[in-house]
Amino acid sequence: MDSYFDIKALPNPEIIQSAVLSHLMQQLHKLLPAFEGRIGLAFPAYGQQRTLGGIIRALGESKDVDRLYDQLQCMVVVSDYALLTPIEPTPMGITQYARYTRAHAKGNSRLQRLKRRHQAVGTWTDELATAIASKYSQPLHLPHVSLNSVSSGQAFILFVHRNIVQEQGEGSFNAYGLSLGGAAVPVF
């Protein structure tokens, strides 16, 4: 990861920053699959007011970063609601990395499926019901964005968990620019 640029959500009195970030992430999700896991995203203001913050940082090799930058410059949503900073080389001497991963909220439907599976094999007990209910009733308190699935059009919430690590790790990034298989992005 030798290059990066930032996408900064512009202040807008008509739309809150997290909604702008959701629109920007939706546009990135349309472009990132073409890079086959070579572009990672970071959120330098992660956790600010329990949100992802107002900045998305795209990191990767210079040819991929240049191509993504050019594609984003042509998008109306980006030019209307965000500022693209110039492409810069990634700073030297990075000592920390962040692994941004998707977290899944476990809802009542998951609880019902588990109950049916256990009942089918005769292992469902009141103690198990209590343990599973307490585990899945914990709401996620993570920064997130609201997106629409490209394939189904269905709305969903993408929860993002950040883990600070000391090594970059091996792996790639998914269609949301989040870590797969241990890949991490530099923190600076």
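Data block above holds the structure.
We now turn to the structure provided with this report. None of these values were measured; they are calculated from a predicted model. Every chain's residues receive numbers from 1 upward, in the order its sequence appears when written. Reporting in this predicted model follows two pLDDT cut-offs: at least 70 for local features of residues, and 80 or more for side-chain atom pairs to be given and counted; totals over whole chains, interfaces and linings ignore these cut-offs and use all residues. Side-chain numbers come from the whole structure's heavy atoms, not from hydrogens or water.

**Observations regarding the overall build of the protein**
- The secondary structure listing takes helices from DSSP runs of H or I that are at least 4 residues long and strands from runs of E that are at least 2 residues long, numbered from the N terminus. When helices and strands are counted, the protein shows five helices and eleven strands.
- With the C-alpha coordinates of the protein rotated into their principal frame, the extents come out at 60 × 40 × 30 Å.
- The buried label goes to any residue with under 20% of its type's maximum accessible area, the exposed label to any with over 50%, and the partly exposed label to all in between, with areas taken from a 1.4 Å probe on protein chains only. Taking all 188 residues of the protein together, the buried fraction comes to 38%.
- In this description, contact between two residues means that some pair of their heavy atoms is separated by no more than 4.5 Å. Pairs at least 24 apart in sequence give 67% of the contacts found in the protein among residues at least 6 apart.
- Accessibility throughout is a Shrake-Rupley quantity obtained with a 1.4 Å probe, and a residue counts as covered only by protein chains that appear here. In the form shown here, the protein has an accessible surface area of approximately 10600 Å², with 52% of it arising from carbon and sulfur atoms.

**Focus on the packing of aromatic side chains**
- Stacked, tilted and edge-to-face are the three classes assigned to paired rings of Phe, Tyr and Trp, where Trp is represented by its six-membered ring and a pair needs centres within 6.5 Å; plane angles under 30 degrees give stacked, over 60 edge-to-face, the rest tilted. Overall, the coordinates contain five aromatic pairs when judged by the stated rule.
- A centroid spacing of 6.3 Å and a plane angle of 70 degrees characterise the contact between Phe156 and Tyr176, whose relative ring orientation is edge-to-face. Of this pair, Phe156 sits in strand 8 (residues 155-165) while Tyr176 sits in the loop between strand 9 (172-173) and strand 10 (179-180), and the two are 20 residues apart along the sequence.
- Among the aromatic residues, ring-to-ring pairing joins Phe43, Tyr46 and Tyr100 into one connected group.
- Criterion for a charge above a ring: Lys NZ or Arg CZ within 6 Å of the ring centre, and within 35 degrees of the ring normal. The ring of Phe188 has Arg57 lying over it, and the distance from NZ or CZ to the ring centre is 4.3 Å.
- Directly above the ring of Phe35 sits Arg67, whose terminal nitrogen or CZ lies 4.2 Å from the centroid.

**Examining the pairing of strand 1 (residues 3-9)**
- Burial analysis of strand 1 places six of its seven residues in the buried class, which makes it a mostly covered element.
- Two strands qualify as a pair provided DSSP detects at least 2 bridges between them. Of the strand pairs in this sheet, strand 1 and strand 3 (residues 55-60) are connected by six bridges, and their pairing is antiparallel. Within strand 3, the position partnered with Tyr4 by the bridge is Leu59.

**Focus on helix 2 (residues 62-73)**
- Compared with an ideal rise of 1.5 Å per residue, which puts twelve residues at 16 Å, helix 2 spans 16 Å between its outermost C-alpha atoms and is within 8% of the ideal.
- Those residues of helix 2 that fall on the buried side of the exposure criterion are Asp64, Val65, Leu68, Tyr69 and Leu72. Taken end-on, helix 2 shows its buried residues confined to a sector of 135 degrees, consistent with a single buried face.
- For helix 2, the elements touching its buried residues are strand 1, helix 1 (17-31), strand 3, helix 3 (76-81) and strand 4 (82-84). Helix span is expected to be 1.5 Å times the residue number reduced by one. In this description, the arc belongs to the directions extending from the helix axis to the C-beta atoms.

**Details of the nonpolar core**
- Note on terminology: a nonpolar core comprises buried Ala, Val, Leu, Ile, Met, Phe, Trp, Tyr and Cys residues joined through side-chain atoms within 4.5 Å. Core analysis: the largest hydrophobic core is formed by 43 residues, its most contacted members being Phe43, Leu68 and Leu72.
- No other element matches the six residues that helix 1 contributes to this core.
- Setting aside chain neighbours within four positions, we find Leu72 in contact with Phe5, Ile7, Leu28, Leu31, Val78 and Leu84.

**Some details on the sheet that holds strand 7 (residues 144-148)**
- Strand order in the open sheet formed by four strands is 7-8-6-11, and the pairing between neighbours is antiparallel. Whereas interior strands pair on both sides, the edge strands pair on one side only; in this sheet they are strand 7 and strand 11 (185-186).
- In this sheet, strand 8 lies alongside strand 7 in antiparallel orientation, the contact comprising five bridges. When the bridges of strand 8 are listed, Ser146 appears paired with Ile157.
- A fitted line through C-alpha atoms represents every axis, and for helices the fit uses only the stretch in contact; the resulting angles, taken between N-to-C directions, go from 0 to 180 degrees. Of the strands in this sheet, strand 7 and strand 8 touch helix 1, which is tilted by about 55 degrees from strand 7.

**Description of the pattern of salt bridges**
- We define a salt bridge as a side-chain nitrogen of Lys or Arg found within 4 Å of a carboxyl oxygen belonging to Asp or Glu. Evaluated as defined, the whole model comprises four salt bridges.
- When the shortest N-O distance is used, the salt bridge between Arg38 and Asp64 registers 2.8 Å. With Arg38 in the loop between helix 1 and strand 2 (40-42) and Asp64 in helix 2, the pair connects residues that are 26 residues apart, well separated along the chain.
- Of the residues examined, Asp64 reaches a relative accessible area of 2% and is grouped as buried.
- For the salt bridge of Asp64 with Lys63, the shortest nitrogen-to-oxygen distance reads 3.9 Å.
- Using a relative accessible area of 58% as the deciding quantity, one classes Lys63 as exposed.

**With respect to the environment of His104**
- As for its placement among the helices and strands, His104 is situated in the loop between strand 6 (97-103) and helix 4 (108-121).
- Spatially, the C-alpha atom of His104 lies 25 Å from that of Glu167, the residues being 63 residues apart in sequence.

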